[in-house]
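Given next are the chains, with one letter for each unit.
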Amino acid sequence: MPVESGNSAAARQAKQKRKSHSLSIRRTNSTEQERPAIHRDMLEGQDSKLPMALRSNLLDLFGQIEREFENLYLENIELRREIESLNERLAGEGQTVDGGDLSKGALKTKASHSTSQLSQKLKTTYKASTSKRSNSFHGKVGGPRNFSVGNWELWGGDSWIVSSFKATTSRAVCQLVKEYVGHRDGIWDLSVTRTQPLVLGTASADHCAMLWSIETGKCLLKYAGHAGSVNSIKFHPTEQMALTASGDQTAHIWRYMVQLPLPQPPADISASLDDDVDFSDKDEADGEADGPNECPTVRVASTTLRSHQGVVIAADWLVGGKQVVTASWDRAANLYDVETSELVHTLTGHDQELTHCCTHPTQRLVVTSSRDTTFRLWDFRDPSIHSVNVFQGHTDTVTSAVFTVGDNVVSGSDDRTVKVWDLKNMRSPIATIRTDSAVNRISVSANQRIIALPHDNRQVRLFDMTGVRLARLPRSNRQGHRRMVCCSAWNEENQACNLFTCGFDRQAIGWNINIPALLQEK
C-alpha cells in the first residue's frame, strides 16, 4: 500500500540521520569539543562552590545531551512533514490516513531506537562517573540522580516508546509481595544467598551493598568497603561469603553473619491495580528517606582482588567456590584463586568493554558478554586446555548471557532481543525473543526454565525457553518500577517470594509468581 512505502522511506531517512548524529558522551569526564566562550564566561561569573573543572565537565555533558535532544526533535519535525505530504497525496487519490495515528505508531517506534541508544550511552556514562570518589560527582551534587538515565527513561517510556505487546491478564499469577527500599542511588544488581539463612543482596551505585530479610524487607547488613559504584553481587555456594565488583577497579570478598527478624504479617496486595494503567511518577522524596533501619556495617573486605585497569562490571563464583571470575571494562576477564587471591588466568579476546560474566552451576564453564555484540564461552574443565567459543548473533551490546541447568545459554542485548543457544550448536540460536526495549541482566529459573527479562522501559516480562511470552509483571501508578529495571533474579526455594527485580528507582521488589498457573495459562 502507498502508506507503508511512504512511511518506510521516511523511516529510512530518519535512521540515516541518526547515524550521522551519534551521541559522543564518554565514560570519563572528558569532552571532545569546547563550549562557546559565552558559556564559559557565564559559568565563571556565577557564584558556586563547585570546582571549576567539575562545573565545566557538567556543562559539557549537559550540552551533549541537549544536542541529542535537538537532533531527535528536528528528525521528528521532518518526519511529521513527510507524513503530512503523504496524506496530501493520498487525499488527492481519494484515500485518507490519520496522521496522528501514524505519529503514534511507526514514527515513535523508529524514534524509540534512538531513545534506546541514548539510554545506553547515559547508563555507561553514569557507571563510569561513579567509578571513583574523585569522579563521583553524583554523590556531591546529585546530578545524575536528577537527570540521568531515570528521567530519560521516564520521558522515553511515557512519550515515545510504544509497547508491541497486548495487555496481559496475569495479575492473578504475578503479584508484588515486598519492596526493599534504602539505597540512595540506583541498584545495578541483586542475588539471593545459596545457603541458609536465605537473604537478598543488592549492589548499588551509592557505593554500598546491602543484605535484606526477604520476609520483612528489613536491611540486615550493609557493606561499605568499596570506593566506587558496586556493580554486582554474588554469594558463595556453601559459605556465608559475598563477592562484589566495583567501579573502583577491584572485586571484594567479604564475610557476613546475619540474624533474621521475626516475619511480619503480609500486606494485602490482592486489591492491586489495573495493569493497563501507565505508571505515573512518584515523588522523588520517596527515595530520599533516611535510609534503611540501623543495621551493622562491614567496611573491610577479607580479600581484595586487584589487577584490572578499568571498572569491574561483574564477578561470579566458579563451581565449588574456590575460584572467582571478574569482568572489566579493560576488555579482559580474570580468574582468581580465592584462598591466595592470586591471578590464575587472564581471558582476553573481546574487542570492547565487557558487560557481564556468568559461571555454570555444575561445570567449570564461564561465559562473558561484551559491547562488541558477542559473548564468549570459556571451558576450564580440562586444566591444561582453556578453549573459547564465540557466539555471534546480536547487533548491539550484549548486556548479559547466563547458563541454564541444561546445555543452553540465554543472552540479552540492547538490540531488544533475547536469544536461546544450544552449547552443542553455536551457529544460530534455537529461539529468538523480540521485544520493544533494551534488555538488561536476565535470569532463568532453575526448575521451570522461565526467563525473566528486565527492560529499560520499566517493564519486566516472562518467557519460556521456546520464546513464548508467559506474562508481564504488573506495573501501574502504585506498584512496580518507576525507572529502568536493571536486573532480575529467581529464588525458587521461597514459595512466597520467588522472583526479585531491581532498578534505577533505588528499590528492589520481591514478586510472587504462581508458576503452575502461569504454565497452565500458556
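This one's a predicted model, so the numbers in the text were calculated from it and none came from an experiment.

### Brief notes about the confidence of the model for the chain
At step 1: Per-residue confidence for the chain gives a mean pLDDT of 78, with 70% of residues at or over 70.
At step 2: Residue range residues 96-110 is modelled with pLDDT below 50. Its contacts to residues more than four positions away, or to other chains, number 22 contacts.
At step 3: Across residues 269-292, where pLDDT falls below 50, the model places 61 contacts with residues more than four positions away in sequence or in other chains.

### So, the pattern of salt bridges
At step 1: Scanning the model with the defined rule gives 7 salt bridges in all.
At step 2: The shortest N-O distance in the salt bridge between Arg255 and Glu239 comes to 3.4 Å. In this pair, Arg255 is assigned in strand S8 (residues 250-255) and Glu239 in the loop between strand S6 (230-235) and strand S7 (241-246), connecting sequence segments 16 residues apart.
At step 3: For Lys424, the salt bridge goes to Asp407, with nearest N and O atoms at 3.8 Å. Placement of the pair is Lys424 in the loop between strand S21 (417-422) and strand S22 (431-434) and Asp407 in the loop between strand S19 (398-403) and strand S20 (408-413), with a sequence separation of 17 residues.
At step 4: Three or more residues joined by partner-sharing salt bridges are found here, namely Asp189, Lys234 and Arg441.

### A look at the layout of surface pockets
At step 1: Considered as a void within the structure, the largest pocket measures approximately 980 Å³ in volume.
At step 2: Forming the walls of the largest pocket are 37 residues, and the residues nearest its centre are Arg194, Pro361, Val444, Ala446 and Trp490.
At step 3: Looking at the lining of the largest pocket, the elements with two or more residues in it are strand S2 (187-192), S6, strand S11 (312-317), strand S15 (354-359), S19, strand S23 (443-444) and strand S27 (485-490).
At step 4: Residues of the lining of the largest pocket, tallied by class, amount to 18 nonpolar, 12 polar and 7 charged.

### Digging into the sheet that holds S23
At step 1: The strand order S23-S24-S25-S26 describes an open sheet built from 4 strands, whose pairing is antiparallel. Looking at strand neighbours, the two that pair on one side only are S23 and strand S26 (469-472), the edges of this open sheet.

### So, the nonpolar core
At step 1: Grouped together as the largest cluster of nonpolar side chains are 25 residues, with contacts concentrated most on Phe375, Phe403, Val410, Leu423, Ile451 and Leu453.
At step 2: Those elements that place two or more of their residues in this core are strand S16 (365-370), strand S17 (374-382), S19, S20, S21, S22 and strand S24 (451-454).
At step 3: With 4 residues, the single largest contributor to this core is S19.
At step 4: With residues near it in sequence (within four places) discarded, Phe403 still touches Cys358, Thr359, His360, Pro361, Leu365, Val366, Val367, Leu377, Asn408, Val409 and Leu423.

### Brief notes about the environment of Met465
At step 1: Relative to the helices and strands, Met465 is located in the loop between strand S25 (460-463) and S26.
At step 2: In the structure, Met465 is positioned 45 residues away from Val420 in sequence and 6.9 Å away in space, judged by C-alpha atoms.

### Comments concerning the sheet that holds S2
At step 1: Taking strand neighbours across the sheet as the criterion, the 5 strands line up as S2-S3-S4-S5-S9 in an open arrangement whose pairing is mixed. Both outer strands of the open sheet, S2 and strand S9 (297-298), are each paired with one neighbouring strand and no more.
At step 2: Pairing analysis gives 4 bridges linking strand S4 (residues 209-213) to strand S5 (residues 219-223), with the strands arranged antiparallel. The residue bridging Trp212 from the neighbouring strand is Cys219, located in S5.

What counts and how
- Residues numbered from 1 in each chain as written.
- Predicted model: local features only at pLDDT ≥ 70, side-chain atom pairs only at ≥ 80, totals over all residues.
- Heavy atoms only, no water.
- pLDDT = per-residue confidence, 0-100.
- Contact = heavy atoms within 4.5 Å.
- Salt bridge = Lys/Arg side-chain N within 4 Å of Asp/Glu carboxyl O.
- Helix = DSSP H or I, 4+ residues; strand = E, 2+ residues; numbered from the N terminus.
- 1 Å grid on protein atoms, 1.4 Å probe; cavity = no way out; pocket = protein on both sides within 12 Å on 5 of 7 lines; lining within 4 Å.
- Points joined across faces, edges and corners; volume = space filled by probe spheres on them.
- Nonpolar A, V, L, I, M, F, W, Y, C, P; charged D, E, K, R; others polar.
- Pairing = 2+ DSSP bridges.
- Core = buried A, V, L, I, M, F, W, Y, C linked by side-chain atoms within 4.5 Å.
- Buried < 20%, exposed > 50% of the residue type's maximum accessible area, 1.4 Å probe, protein only.

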